[in-house]
Amino acid sequence: MTASPSPAASGATLELEVGGMTCASCAMRIEKKLNRLDGVTATVNYATEKARVSMPEGMDVSTVIAEVEKTGYTAALPAEDPETDTKDADPELLGLRNRLIGSVALSIPVIALAMIPALQFTYWQWLSLTLAAPVVVWGAWPFHKAAFINARHGAATMDTLVSIGTLAAFAWSLYALFFGTAGMPGMTHGFSFTVAASDGAGNIYLEVAAGVTTFVLAGRYFEKRSKRQAGAALRALLELGAKDVAVIRDGLEARIPIETLRTGDEFVVRPGEKIATDGIVVDGSSAIDMSLLTGESVPVEVTAGDAVAGATVNSGGRLLVRATRVGSDTQLAQMAKLVEDAQSGKAEVQRLADRISGVFVPIVLGIAALTLVAWLVTGHPAAAAFTAAVAVLIIACPCALGLATPTALLVGTGRGAQLGILIKGPEVLESTRTVDTIVLDKTGTVTAGKMTLVQVITAPDVDESVLLRMAGAVEAASEHPIARAIAAAAADRSGTLPNPESFVNIEGRGVQGIVDGHLTLVGRQSLLKDWSIVLNDSLATAKNTAEAAGQTVVCVAWDGKARGLLVVADAIKPTSREAVDAFKQLGLTPILLTGDNATVAREVAHAVGIDTVIAEVLPQDKADTVRRLQAEGKTVAMVGDGVNDAAALATADLGLAMGTGTDVAIEAADITLVRGDLRAAADAVRLARSTLGTIKTNLFWAFAYNVAAIPLAAFGLLNPMIAGAAMAFSSVFVVSNSLRLRGFRSKNSTTPTDTGIPASVLETA
């Protein structure tokens, strides 16, 4: 359901949903029309099918909608419930699907009858007409409609070429059947390749009309389906927040829907729960996992008076929080707006076929007109002159044009899926050709994205396994993320851990308990000082060195003495260095971009071979950084995995999301790397470039084979076999050329040739 236009929408910046666009030139046409209105500034995005319009005071939104409709398209305000709207079936996509299914079912027998003489029974041509007519009229209706709209504006696109070619082939066939000899019982299409003049009265081209329509419909349907995912990132963001909240009202705790929470309400957040909205901690202390929003790998300790953000996770104790921002004012909602703005502003690459058609169609029409005039001037009959002119239009409509992009994409994306690379659509590929800078998120992309025990430092005469067993036993009773990392490592190395007695959690400082009769302390150095325990010189030096490298150090003591240190950090993935080297070989300059602190970022960058580091940035700063690099003339690829990366992924010329990351990042990106291996990003760029090159080669030959036959048509020498051969050979070449992509290989020796892809990831891609 769409909202009705109202004066309340006047004098503001609003968004309209635009329908009926078939290519990027449609978007440019609407944009020009709207910008001619006094005081109106508009941008139209073909990919998201939306227009963002700034109107002057006093102008009604209905004026803008009427202007779009005069241009030949539809416009409406978005639905009041965006979540409901994005889940509704797309009627245009459903219509294309139905046309495609119907056209495939009807076209297969038409093509078979025309190409296999053994199937040509006495009245086969009339059955072909019966089956082909719905395909040409109903199946190709979107192309005819678009061609008419384009003609009104003096433009020509692939739709124009398809419409003219299919209608010309169908009209010629009708003439040959009803007024020529093609309708006679027993008429067949033989295998003669003789080049001889003909009046065309015995030839039908129904298979050309039906085949071209079906192939191009298939390409249009798959493109439309991939575009349908453009709003999925926003839907995923909406689903990240808490659905209900335990609020304190009149001294009583009650669980209410998140939509009814108001600014100033106090609510309870228990360990493991999401914080419902942005607020200030009133009571309690805990560790908050902020990596979802900020990318910080270490949980943030909060206590009374500290600010917390909605959708982050409470990893420790019970908190009482006062809501300061709700609804569209929260940090999560602002991030959703950042992603939407980035997607709306992302330039859509105009389809190659449209660019070629814009030049090719006028030339073909000119040749057809010239052919008609030349035949008439030289004294030939009008029927022969018309036949030659229409033959030019038929042969100019290459069946392979509809195969050129879909087949290369099908093979390229299929091969990518085997290697753990999911490419969303043809518009993604153009950017890979010119990408020269690759921006890498740190947490979860270059690093593992979770706290890991990276080093155990023991005091003299203390066994490492004993230290781990004692510390792991106490930490296993804690819910803190660092404690879980230590407990997991201890269990892996030492086996089953003993249960501690008299366990106590000292908020923000550490834990203590009795293990095997020994009072054991695990936590900050300040916890040890409370028990008058000091680190010896070697442990103190090791602690300072680790902390200088941005790592987290946990002290361990029992029986009144410091026994060792446990160093915890977000470990670098073992393949990250190799991936950075691969980027450099592809001519890409790597940049590390992170919300984490500068010390940690520099250490990680140095370890993997990255020279440029941008650290301590907020989510909106990430998108701004990408825009700044673009303003410097760079074509930017961005690799990330978190919600905090979503806006930057959508802003970048090429966005690559780790499949092990959040759904929001996956939806906002152009390419998803299923395995979470950064080396796959280099493979993705190589595969995308190879697929783009294949598409360009396909498009060239899709036109070249048929262009070569245009002179034959102009001189009246076209016969069914030459036309059929041109169509068949160009199609076979296009398919064969696309199949070469199956031989694409990763340069990583450890990369599997086949990857199991989770269904959830495939759905989002």
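If you're wondering where the values come from, they're calculated on a predicted model, not measured in any experiment.

Calculation criteria
- Residues numbered from 1 in each chain as written.
- Predicted model: local features only at pLDDT ≥ 70, side-chain atom pairs only at ≥ 80, totals over all residues.
- Heavy atoms only, no water.
- Helix = DSSP H or I, 4+ residues; strand = E, 2+ residues; numbered from the N terminus.
- Buried < 20%, exposed > 50% of the residue type's maximum accessible area, 1.4 Å probe, protein only.
- Areas by Shrake-Rupley, 256 points an atom, 1.4 Å probe, with all protein chains shown as cover.
- Pairing = 2+ DSSP bridges.
- Axes fitted to C-alpha atoms, helices over the stretch in contact; angles between N-to-C directions.
- Core = buried A, V, L, I, M, F, W, Y, C linked by side-chain atoms within 4.5 Å.
- Parallel < 35°, antiparallel > 145°, perpendicular 65-115°, else oblique.
- Left-handed = near helix turned anticlockwise from the far one by under 90°.
- Contact = heavy atoms within 4.5 Å.
- Nonpolar A, V, L, I, M, F, W, Y, C, P; charged D, E, K, R; others polar.
- Right-handed = clockwise from strand over helix to strand, strands pointing away.
- UniProt positions renumbered as here; feature names shortened; annotations may be inferred.
- Salt bridge = Lys/Arg side-chain N within 4 Å of Asp/Glu carboxyl O.
- Expected span 1.5 Å × (residues − 1).
- Arc of directions from axis to C-beta.
- Phe/Tyr/Trp six-rings, centres within 6.5 Å; stacked < 30°, edge-to-face > 60°.
- Patch = residues over 30% accessible without salt bridge, like charges linked within 9 Å, V, L, I, M, F, W, Y side chains within 5 Å.
- pLDDT = per-residue confidence, 0-100.

**Student:** Lay out the overall build of the protein chain with the relevant residues and their values.
**Tutor:** Along the backbone of the protein chain there are 28 helices and 26 strands. Here the protein chain holds 765 residues, and the buried ones make up 53% of them. Carbon and sulfur atoms form 58% of the exposed surface of the protein chain, whose accessible area is close to 31,500 Å².

**Student:** Requested: an account of the sheet that holds strand S22 (residues 589-593), with residues and values cited.
**Tutor:** In space, the seven strands of this open sheet follow the order S14-S26-S25-S24-S15-S22-S23, with mixed pairing throughout. Each of the sheet's edge strands pairs with one partner strand only, and the pair in question is strand S14 (421-423) and strand S23 (612-614). Pairwise comparison of adjacent strand axes, ignoring direction, gives a mean angle of 20 degrees for this sheet. Where S22 lies against S23, three bridges are found, and the strand directions are parallel. Bridge pairing links isoleucine 591 to threonine 612 in S23.

**Student:** So what's going on with the nonpolar core? Which residues, and what values?
**Tutor:** Trp172, Ile204, Leu206, Val364, Val392 and Ile394 are the most contacted members of the largest nonpolar core, which has 52 residues in total. Listed by contribution, the elements that provide at least two residues to this core are helix H4 (91-115), helix H5 (124-139), helix H7 (158-178), helix H8 (206-227), helix H12 (352-377), helix H13 (382-395) and helix H26 (679-714). Core analysis: the next-biggest nonpolar cluster, separate from the first, contains 44 residues, Ala408, Val428, Val446 and Ala637 among them.

**Student:** I'd like a description of the environment of leucine 699, backed by residues and values.
**Tutor:** Structurally, leucine 699 can be placed in helix H26. On a C-alpha basis, the gap between leucine 699 and isoleucine 356 in space is 8.8 Å, while along the polypeptide they are 343 residues apart.

**Student:** Tell me what's going on with the packing of H5 against H7, and back it up with residues and numbers.
**Tutor:** Between H5 and H7, the shortest axis-to-axis distance is 11 Å and the interhelical angle comes to 150 degrees. On the basis of the axis angle, H5 is roughly antiparallel to H7. In terms of crossing hand, the pair formed by H5 and H7 is left-handed. Across from Gln125, Trp126, Leu129, Ala133 and Val136 in H5, the residues of H7 making contact are Thr166, Leu167, Phe170, Leu174, Leu177 and Phe178. Class assignment for the residues of the contact of H5 with H7 results in nine nonpolar, two polar and no charged.

**Student:** Would you mind going over the pairing of S22 in detail, with residue names and values included?
**Tutor:** Strand residues, when the strand is regular, have side chains that alternate between the two faces of the sheet. The buried fraction of S22 amounts to four of the five residues, a majority that puts the element mostly inside the structure. Both strand S15 (residues 437-441) and S22 contribute to a ladder of five bridges, which runs parallel. Following the sheet pairing, aspartate 441 is matched in S22 by leucine 593. In this region the chain leaves S22, passes through helix H22 (residues 598-608) and returns to the parallel neighbour S23; the handedness of that crossover is right-handed.

**Student:** Summarise the UniProt feature "transmembrane region" (unreviewed entry) in the protein chain; cite the residues concerned and give the values.
**Tutor:** UniProt records the feature "transmembrane region" (unreviewed entry) at residues 100-117, 123-141, 161-184, 204-222, 356-377, 383-411, 699-715 and 721-739, using the numbering of this structure. Along residues 123-141 one finds 89% helix and 0% strand; the C-alpha atoms at either end are 28 Å apart.

**Student:** Before we move on, could you go through the side chain of histidine 144 and cite the residues and values that matter?
**Tutor:** Positionally, histidine 144 belongs in helix H6 (residues 141-152). Note on histidine 144: relative accessible area 11%, which makes it buried.

**Student:** Give a description of the sheet that holds strand S7 (residues 266-269) that names residues and reports values.
**Tutor:** The six strands lie next to each other as S6-S5-S7-S13-S8-S11, forming an open sheet whose pairing is antiparallel. Edge positions in the open sheet fall to strand S6 (252-257) and strand S11 (307-308), since each of these has one partner strand only. Both S7 and strand S13 (residues 319-325) contribute to a ladder of four bridges, which runs antiparallel. If you follow valine 269 over to S13, its bridge partner there is leucine 319.

**Student:** How would you sum up the pattern of salt bridges? Please name residues and give values.
**Tutor:** A complete count under the given rule lists 23 salt bridges for this structure. The closest approach of N and O atoms between aspartate 441 and lysine 622, which form a salt bridge, is 3.0 Å. Of this pair, aspartate 441 sits in strand S15 while lysine 622 sits in helix H23 (residues 619-631); the two residues are 181 residues apart in sequence, bridging distant segments of the chain. Both residues of the pair, aspartate 441 and lysine 622, belong to the buried class.

**Student:** An account of the packing of helix H21 (residues 576-585) against H22 is needed here, citing residue identities and associated values.
**Tutor:** One way to put it is that H21 packs onto H22 with a least axis distance of 8 Å and a crossing angle of 70 degrees. With respect to each other, H21 and H22 are oriented roughly perpendicular. For the pair H21 and H22, the contacting residues are Ser576, Arg577 and Val580 in the first and His606, Ala607 and Val608 in the second. Residue composition of the contact of H21 with H22, grouped by class: three nonpolar, two polar and one charged.

**Student:** Kindly report on the environment of leucine 161, identifying the contributing residues and their values.
**Tutor:** Among the structural elements, leucine 161 can be located in helix H7. The sequence separation of leucine 161 and leucine 393 amounts to 232 residues, and the corresponding C-alpha distance is 8.7 Å.

**Student:** Summarise helix H20 (residues 537-548); cite the residues concerned and give the values.
**Tutor:** When the terminal C-alpha atoms of H20 are compared, their 17 Å separation across twelve residues agrees well with the 16 Å that a helix rising 1.5 Å per residue should span. By the burial criterion, the buried members of H20 are Leu539, Ala542, Lys543 and Ala546. Looking down the long axis of H20, one finds its buried residues gathered within 100 degrees of arc, a one-sided arrangement. Seen from the buried face of H20, the exposed residues on the opposite side, beyond 90 degrees, are Asp537 and Thr545. Tucked inside the fold, the buried residues of H20 contact strand S16 (447-458), helix H19 (525-530), strand S20 (552-558) and strand S21 (561-572). Downstream of H20 by a residue or two, glycine 550 has a phi angle that is positive, lying close to 85 degrees.

**Student:** Requested: an account of helix H17 (residues 464-475), with residues and values cited.
**Tutor:** Its twelve residues give H17 an end-to-end C-alpha distance of 16 Å, which sits within 8% of 16 Å, the value for a rise of 1.5 Å per residue. The set of residues buried in H17 consists of Leu467, Leu468, Met470, Ala471, Gly472, Ala473, Val474 and Glu475.

**Student:** Go over the packing of aromatic side chains, please, and point to the residues and values.
**Tutor:** Within this structure, the stated rule accounts for five aromatic pairs. Ring centres 5.3 Å apart and planes at 75 degrees place the aromatic pair tryptophan 126 and phenylalanine 178 in the edge-to-face group. Placement of tryptophan 126 in helix H5 and of phenylalanine 178 in helix H7 is noted, with a sequence separation of 52 residues between them. By relative accessible area, tryptophan 126 is classed as partly exposed at 26%.

**Student:** An account of a nonpolar patch on the surface is requested, with residue identities and associated values reported.
**Tutor:** On the surface, Met115, Ile116 and Leu119 cluster together into a nonpolar patch covering about 230 Å² of accessible area. What makes isoleucine 116 partly exposed here is its relative accessible area of 40%.

**Student:** Describe the environment of glycine 272, and please don't skip the residues or the numbers.
**Tutor:** Looking at the element boundaries, glycine 272 is found in the loop between S7 and strand S8 (278-283). Along the backbone, glycine 272 and serine 315 are 43 residues apart, and their C-alpha atoms lie at a distance of 5.4 Å. Discounting residues that sit within four places of it in the chain, glycine 272 has contacts with Val313 and Asn314.

**Student:** Describe the confidence of the model for the protein chain, and please don't skip the residues or the numbers.
**Tutor:** Residues with a pLDDT of 70 or more make up 82% of the protein chain, whose mean pLDDT is 80. A low-confidence stretch, residues 751-765 (pLDDT under 50), is modelled with 34 contacts involving residues beyond four sequence positions or located in other chains.

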